[in-house]
Amino acid sequence: MIKVLIVDDHPVFRQGIKDVIESESNIDVVGQAADGEVAIELAYDLMPDVILMDVNLPTINGLQVTRRIKSAMPETKVIVLTGYDDVEQVFHALRAGASAY
């Protein structure tokens, strides 16, 4: 079973992603976070295999959260999921440790 943590500050978007992901029998959404600090706490507590990460978050932005999580949990894959289509953001996300953008 693949454990997924969803991090986004929009509750309707989080719920939609959760509904789509959980239609797969081998994926389990183990948690959701609406801000960067909660995301870090949940990542350490839940040890997800994959984190779907928004860039713009309250408290700590998604790139900083990614950097902190990847430094402590290098085996966790972070996929940046955002509406921004900016080459520079892609570069910063990958440099922070994201596996995909």
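> What am I meant to see in the sheet that holds strand E2 (residues 27-33) here?
Consider a sheet: its strands pair through backbone hydrogen bonds, and that pairing is either parallel or antiparallel. Ordered by their spatial adjacency, four strands build an open sheet running E2-E1-E3-E4, and the pairing between neighbours is parallel. Every other strand in the sheet has two partners, leaving E2 and strand E4 (77-80) as the edge strands with one partner each. Across the sheet, the axes of successive neighbouring strands diverge by a mean angle of 25°, strand direction being ignored. Relative to E4, strand E3 (residues 50-53) runs parallel, the two being bridged by four bridges. Bridged to Val50 within E4 is Lys77. Seen against the sheet, helix H1 (residues 11-21) touches strand E1 (2-7), E2 and E3 and runs at an angle of roughly 170° to E2.

> Even after reading the chapter, I still don't get empty space enclosed by the protein, so can you show me in this structure?
Any empty space left between atoms is shown by rolling a water-sized probe over those atoms. Per the stated rule, a full pass over the model turns up one cavity of 30 Å³ or more. Its volume calculated, the largest cavity comes out at about 30 Å³. In terms of lining, the largest cavity is formed by Ile6, Val7, Asp8, Phe13, Leu52, Met53, Asp54 and Leu81. Residue classes in the lining of the largest cavity are distributed as six nonpolar, no polar and two charged.

> Please clarify how the pairing of E3 should be interpreted in this entry.
For a regular strand, side-chain orientation follows a simple rule: the groups alternate between the two sheet faces. Burial along E3 is two-sided: the residues Val50 and Leu52 and Ile51 and Met53 are all buried. Here four bridges tie E1 to E3, and the two strands are oriented parallel to one another. Along E3, the bridge assignment pairs Val4 with Val50. Crossover E3 to E4 through helix H3 (residues 62-72) is right-handed.

> Help me understand unusual backbone geometry, please; the structure alone is not making it clear to me.
For residues besides glycine, phi is generally negative; the peptide bonds are generally trans as well. Even without being glycine, Met47 reaches a positive phi, approximately 50°. Position of Met47 among the secondary structure elements: in the loop between helix H2 (36-46) and E3. Its relative accessible area of 40% is what places Met47 among the partly exposed residues. Its identity as a non-glycine residue notwithstanding, Thr59 has a phi of 75°, on the positive side. By the element assignment, Thr59 lies in the loop between E3 and H3. Taking relative accessible area as the criterion, Thr59 reaches 54% and is therefore assigned exposed.

Rules used in this analysis
Residues numbered from 1 in each chain as written. Predicted model: local features only at pLDDT ≥ 70, side-chain atom pairs only at ≥ 80, totals over all residues. Heavy atoms only, no water. Pairing = 2+ DSSP bridges. Helix = DSSP H or I, 4+ residues; strand = E, 2+ residues; numbered from the N terminus. Axes fitted to C-alpha atoms, helices over the stretch in contact; angles between N-to-C directions. Contact = heavy atoms within 4.5 Å. 1 Å grid on protein atoms, 1.4 Å probe; cavity = no way out; pocket = protein on both sides within 12 Å on 5 of 7 lines; lining within 4 Å. Points joined across faces, edges and corners; volume = space filled by probe spheres on them. Nonpolar A, V, L, I, M, F, W, Y, C, P; charged D, E, K, R; others polar. Buried < 20%, exposed > 50% of the residue type's maximum accessible area, 1.4 Å probe, protein only. Right-handed = clockwise from strand over helix to strand, strands pointing away.

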